[in-house]
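Okay, here's what each chain looks like letter by letter:
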Amino acid sequence: MSAQTELPQIDSETSGSCCGGACHTDASAPAAEGAVTTVYQVKGMTCGHCEGAVSSEISEIAGVASVTAVAATGQVTVVSAAPLDEAAVRAAVDEAGYELV
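The structure contained in this document is the topic of the report that follows. (Residues numbered from 1 in each chain as written. Predicted model: local features only at pLDDT ≥ 70, side-chain atom pairs only at ≥ 80, totals over all residues. Heavy atoms only, no water.)

### A look at helix α1 (residues 48-59)
- Between its first and last C-alpha atoms α1 spans 16 Å; for 12 residues at 1.5 Å apiece the expected length is 16 Å, and the two agree.
- Regarding α1, the residues found buried are G48, C50, E51, G52, V54, S55 and I58.
- Buried residues in α1 make contact with β2 (36-43), β3 (64-70), β4 (75-80) and α2 (86-96). (Helix = DSSP H or I, 4+ residues; strand = E, 2+ residues; numbered from the N terminus. Expected span 1.5 Å × (residues − 1). Buried < 20%, exposed > 50% of the residue type's maximum accessible area, 1.4 Å probe, protein only. Contact = heavy atoms within 4.5 Å.)

### Observations regarding the nonpolar core
- M45, I58 and V76 are the most contacted members of the largest nonpolar core, which totals 21 residues.
- Elements with a contribution of two residues or more to this core: β2, α1, β3, β4 and α2.
- Here this core gets 4 residues from one element, more than from any other, and that element is α2.
- Residues within four places of V76 in sequence aside, it is in contact with T38, V39, Y40, V42, M45, V54, I58, V67, T68 and A69. (Core = buried A, V, L, I, M, F, W, Y, C linked by side-chain atoms within 4.5 Å.)

This is the structure in structure tokens:
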């Protein structure tokens, strides 16, 4: 897995999104003190709908505060109360129909 922690969040608004950005999460919300930010690489996302599907599934993991997925880069930034179990993240990404790299 190629996850990186404590990286700045990337703006999730991408041009050419199939939904016009309506399913993007709010990347401007500040992270809570003590929160862990992890960036995952996800293969297969191509549009805003894909971003929404991945974000929705990962958001259901206990402790997740926010998720920002960017189809153009394949990066998914997750802010959580504590480090997440890789197997749980992989299962969520798989459920959405994509692949955690």
